[in-house]
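Working through the structure, step by step
Here are the chains, one letter per residue:
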Amino acid sequence: MDYGFKSNRPQLRRGLCYSNEGIKQAGSPSVIVIGGGIAGVAAARALHDASFQVVLLESRDRLGGRVHTDFSFGFPVDLGASWLHGVCKENPLAPLIGRLGLPLYRTSGDNSVLYDHDLESYALFDMDGNQVPQELVTKVGEAFENILKETDKVRLENNEDMSILRAFSIVFERRPDLRLEGLPHKVLQWYLCRMEGWFAADSETISLKCWDQEELLPGGHGLMVRGYLPVINTLAKGS
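As a starting point, this report considers the structure included with it. Model, not experiment: these values are computed from the prediction. (Residues numbered from 1 in each chain as written. Predicted model: local features only at pLDDT ≥ 70, side-chain atom pairs only at ≥ 80, totals over all residues. Heavy atoms only, no water.)

**Points about the side chain of Thr-69**
Going by this rule: Strands are runs of DSSP state E lasting at least two residues, helices are runs of H or I lasting at least four, and both sets are numbered from the N terminus onward. Relative accessible area decides the class of each residue, using a 1.4 Å probe on protein chains only: under 20% of the type maximum gives buried, over 50% gives exposed, and in between gives partly exposed. Between N or O atoms, a polar contact is any pair within 3.5 Å; within protein, one atom must be a potential hydrogen donor and the other a potential acceptor, and residues adjacent in sequence are included only when both atoms are from side chains. Note on contacts: a residue pair is in contact if any heavy atoms of the two residues lie within 4.5 Å.
Structurally, Thr-69 is set in strand 5 (residues 69–70). According to the relative accessible area criterion, Thr-69 is buried, its value standing at 8%. Within the local environment of Thr-69, its side chain forms a polar contact with the backbone nitrogen of Leu-229, the two atoms lying 3.1 Å apart. Setting aside residues up to four positions removed in sequence, Thr-69 forms contacts with Pro-76, Val-77, Asp-78, Gly-227, Tyr-228 and Leu-229.

**Quick look at the packing of helix 1 (residues 38–49) against helix 6 (residues 229–237)**
Think of two packed helices as two axes; the pair is described by the angle between the axes and how far apart they sit. This is how the line gets drawn: Here an angle of 0 to 180 degrees is reported between the N-to-C directions of two axes, which are lines fitted to C-alpha atoms, with helices fitted over the stretch in contact. Any angle between 65 and 115 degrees counts as roughly perpendicular, while under 35 counts as roughly parallel, over 145 as roughly antiparallel, and the rest as oblique. Handedness of each helix crossing follows the sense of rotation of the near helix against the far helix: counterclockwise by less than a right angle gives left-handed, clockwise gives right-handed. Side-chain classes follow a simple rule in which Ala, Val, Leu, Ile, Met, Phe, Trp, Tyr, Cys and Pro form the nonpolar group, Asp, Glu, Lys and Arg form the charged group, and the remainder, Gly included, forms the polar group.
At a minimum axis separation of 8 Å, helix 1 and helix 6 run at an interaxial angle of 30°. Viewed along their axes, helix 1 and helix 6 adopt a mutual orientation that is roughly parallel. Where helix 1 crosses over helix 6, the handedness of that crossing is left-handed. For the pair helix 1 and helix 6, contact is made by Ile-38, Val-41, Ala-42 and Arg-45 and by Ile-232, Thr-234, Leu-235, Ala-236 and Lys-237, respectively. In terms of residue class, the contact of helix 1 with helix 6 is made up of six nonpolar, one polar and two charged.

**What about the pairing of strand 4 (residues 53–58)?**
We apply this condition: Paired strands, in this sense, are two strands between which DSSP finds at least two bridges. A clockwise course of the path from the first strand over the helix to the second, judged with the strands pointing away from the viewer, identifies a crossover as right-handed.
On strand 4, burial follows the alternation: Val-54, Leu-56 and Glu-58 on one face are buried, whereas Gln-53, Val-55 and Leu-57 on the facing-out side are not. In this sheet, strand 4 lies alongside strand 3 (residues 30–34) in parallel orientation, the contact comprising five bridges. Across the sheet, residue Ile-32 finds its bridge partner in strand 4, namely Val-55. For the crossover from strand 3 across helix 1 to strand 4, the handedness is right-handed.

**Focus: the sheet that holds strand 9 (residues 221–224)**
The sheet built from three strands is open, its strands ordered 7-9-8 with antiparallel pairing. Whereas interior strands pair on both sides, the edge strands pair on one side only; in this sheet they are strand 7 (83–85) and strand 8 (104–106). Averaged over neighbouring strand pairs, the angle between their axes works out to 30° when direction is ignored. As paired strands, strand 7 and strand 9 are joined by three bridges and run antiparallel to one another. For His-85, the partnering residue across the bridge sits in strand 9 and is His-221.

**Some words on the side chain of Ser-207**
Here Ser-207 is to be found in the loop between helix 5 (182–199) and strand 9. Within polar-contact distance, the side chain of Ser-207 engages the backbone nitrogen of Lys-209 at 3.2 Å. Those residues in contact with Ser-207, other than ones at most four positions away along the chain, are Asp-161 and Met-162.

**Section: the pattern of salt bridges**
For clarity, the cut-off: When a carboxyl oxygen of Asp or Glu lies within 4 Å of a side-chain nitrogen of Lys or Arg, that pair is called a salt bridge.
Going through the model one piece at a time under the given rule, you end up with seven salt bridges. Its salt-bridge partner being Arg-155, residue Asp-152 comes within 2.5 Å of it at the nearest N-O pair. You can see Asp-152 and its partner Arg-155 sitting in helix 3 (residues 134–157), three residues apart, about one turn around the helix. Looking at Asp-152, the relative accessible area reads 31%, which means it is partly exposed. Close ionic contact of Asp-177 with Arg-175 constitutes a salt bridge, the shortest N to O distance being 2.7 Å. Looking at Arg-175, the relative accessible area reads 29%, which means it is partly exposed. Residues joined in a network through salt bridges with shared partners are Glu-150, Lys-153, Arg-175 and Asp-177.

Right, dumping it as structure tokens:
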């Protein structure tokens, strides 16, 4: 399958999906896929392989969405997705990455020096370049966990969903003792930014109902050494 981009409107480009053997017969059912992120490209790939005629609409001049590998430094740097979380057969990406022979730098376990979830591995600095005492980082981390526990109470009390940021506001209204000022408040913002980075979304768009409902796959974590772009290219063009 290949994608030929043709101008439609200034803000919209059209990608036609077709096989190396030529366009499918006109009698085949047709589908329009909106969005050329990894989900859209994977859907287009599956539909194409099932003998559908597929038109993929993507507003950017590239495929991948949040998957974006930059080669401007002479080597791949992923500006979006970087890891394979859950290197196991239950992860649908793992077999594809394995077939491509793409190397993974395992970033979990005692021998990893590249990536560590433990807070003790972080060194935070204030705006003047002074390192924030690790004891303060740990103390604020405990406060952050207490705030999250209070947001769980808010979730149970409300049938309708809200953002995690709105839930934080409700918690602070009820529990002013959990408010932080000065440097501790800035460290608390860093904890919130870590949550935003994990979900690649601002706190006002993260769902209170669903933020912690993820399914953790076994197998540890692996960094995509050559970037995620080969995965997108394979889904878009076939092996």
